[in-house]
Amino acid sequence: MDKKIIGIDLGGTTVKFAILTTAGEIQQKWSIETNILDEGSHIVPEIVESINHHLALYNMKPADFVGIGMGTPGSVDRNAGTVIGAYNLNWTTLQPVKEQIEAGTKIPFAIDNDANVAALGERWLGAGENNPDVIFITLGTGVGGGIIAEGHLLHGVAGCAGEIGHVTVDPAGFQCTCGKKGCLETVSSATGVVRVARHLAEEYAGDSKLKAQLDEGYDISSKDVFDYAQTGDAFALMVVDKVCFYLGLACGNLGNTLNPSAIVLGGGVSAAGEFLRSRVEKYFAEFTFPQVTESTSIKLAQLGNEAGVIGAASLALDFVK
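The sections below set out a description of the structure shown in this document. Quick caveat, the model's predicted, so the values are computed rather than measured.

What follows is about the packing of helix α2 (residues 43-57) against helix α3 (residues 97-105). Orientation of α2 relative to α3, taken along the N-to-C sense of each, is 30°, at an axis distance of 9 Å. As summarised for this structure, α2 and α3 are arranged roughly parallel, according to the angle between their axes. Here α2 and α3 pass one another in a crossing that is right-handed. Between α2 and α3, the residues in contact are V44, I47, V48, I51 and N52 and V97, Q100, I101, G104 and T105, respectively. A per-class count over the contact of α2 with α3 returns six nonpolar, four polar and no charged.

Pairing is mixed in the open sheet, where five strands are placed in the order β10-β9-β8-β11-β12. A single partner strand is all that each edge strand has here, and the edge strands are β10 (152-153) and β12 (297-300). One ladder, built from four bridges, connects strand β11 (residues 262-266) with β12; its direction is parallel. The partner of A262 across the bridge, within β12, is S297.

Turning to the side chain of T288, a few remarks are in order. Structurally, the position occupied by T288 is in the loop between α10 (274-287) and α11 (290-295). A polar contact is formed between the side chain of T288 and the backbone oxygen of F284, at a distance of 2.8 Å. Within the local environment of T288, its side chain forms a polar contact with the side chain of T293, the two groups lying 2.7 Å apart. Apart from the residues within four sequence positions on either side, T288 is in contact with G252, N256 and T293.

Judged by nonpolar contacts, the single largest core of 45 residues is most densely connected at I137 and L276. For this core, the secondary-structure elements that each account for two or more residues are β8 (134-139), β9 (143-149), α6 (190-201), α7 (209-215), α8 (222-230), α9 (234-258), β11 and α10. The dominant element in this core, judged by the number of residues it contributes, is α9, at 12 residues. With residues near it in sequence (within four places) discarded, L276 still touches L139, F226, C244, L247, L265, V269 and S270.

What follows is about α6. Residue pairs three or four apart in sequence face the same way in an α-helix, which turns once every 3.6 residues. Here α6 spans 17 Å end to end across 12 residues, near enough to the 16 Å set by a 1.5 Å rise per residue. Looking only at α6, the buried set comprises G192, V193, V194, V196, A197, L200 and A201. Elements in contact with the buried residues of α6: α5 (185-188), α7, α8 and α9.

We now examine unusual backbone geometry. Positive phi, close to 55°, is recorded for D38, a residue that is not glycine. Structurally, D38 is set in helix α1 (residues 37-40). On the basis of relative accessibility, which here comes to 52%, the residue D38 falls in the exposed class. If you check the backbone angles, E39 has positive phi at about 55° while not being a glycine.

Before going further, it helps to spend a moment on the pattern of salt bridges. Counted under the stated rule, the structure contains 10 salt bridges. For D215, the salt bridge identified is with K211, shortest N-O distance 3.2 Å. With D215 and K211 both in helix α7 and four residues apart, this pair spans about one turn of that helix. Under the relative-accessibility criterion, K211 is labelled buried at 12%. The network of salt bridges with shared partners includes E274, R277 and E281.

Cut-offs applied
Residues numbered from 1 in each chain as written. Predicted model: local features only at pLDDT ≥ 70, side-chain atom pairs only at ≥ 80, totals over all residues. Heavy atoms only, no water. Axes fitted to C-alpha atoms, helices over the stretch in contact; angles between N-to-C directions. Helix = DSSP H or I, 4+ residues; strand = E, 2+ residues; numbered from the N terminus. Parallel < 35°, antiparallel > 145°, perpendicular 65-115°, else oblique. Left-handed = near helix turned anticlockwise from the far one by under 90°. Contact = heavy atoms within 4.5 Å. Nonpolar A, V, L, I, M, F, W, Y, C, P; charged D, E, K, R; others polar. Pairing = 2+ DSSP bridges. Polar contact = N/O pair within 3.5 Å; in protein donor to acceptor, adjacent residues only side chain to side chain. Core = buried A, V, L, I, M, F, W, Y, C linked by side-chain atoms within 4.5 Å. Buried < 20%, exposed > 50% of the residue type's maximum accessible area, 1.4 Å probe, protein only. Expected span 1.5 Å × (residues − 1). Salt bridge = Lys/Arg side-chain N within 4 Å of Asp/Glu carboxyl O.

Shown next, in the form of structure tokens:
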């Protein structure tokens, strides 16, 4: 029997699991709630318990697997297999994840940051088409990313490579939680889109349903902004244009620096689809020199919520080599 791989996508509300073939075909999927009580001390034991339960259910044993890969929030030491600072998991102290999971399952284990593994997933079986040079940007509550160059995921000396959300796109811009101003995250995340709308609304005097919503004190979401823009709302279109300008600027700088085959846009904001992609591409073309403009494409992610488990599982493929 061909050996399998397990992918785990650890999030603040759910832990997603998948059993895949080494070619990346998902054969089984399940999930459990993330139990963050007692400083997240139940998370790893419940992951181990869930894996062992499902292996028994499918009549499988540890020897049937090449390895387990996991994507997690927080700062990851890949070699030691530890995580610290995953605040949405209540993990404030160092967590010996690899040691515990290998001891509990008897299967080799690898771990990396969640944005990095989503990048690996999109590169392997999604929009990246398994090319060796791919950049993935996830536009969610924050902005994350992963950079794969010449077949290797870049980590950097402190594990901070691919922190695309902290690329400066407006030096005089909004304050970021990281301590500096004008990060991409402050203007292109789901919360950032709303922030841009509120900021531009102060000076906008024309007719607009979106502006009226803001003036009347209603909460709006990034989805509302894009929905109004797609109906032709002039103010919403202005907001979307500004957001895409910043995204295009960041993508342009990444393109000029790394010249990947594709920069892939994923995460909740990317649900705006072609409406977003085409506008980012327009600014990308403005900010790149001809050879990059022609050879690097702006694409939409294809794997959705499965990018995490697929990319995590691909970490286990290193055990084959």
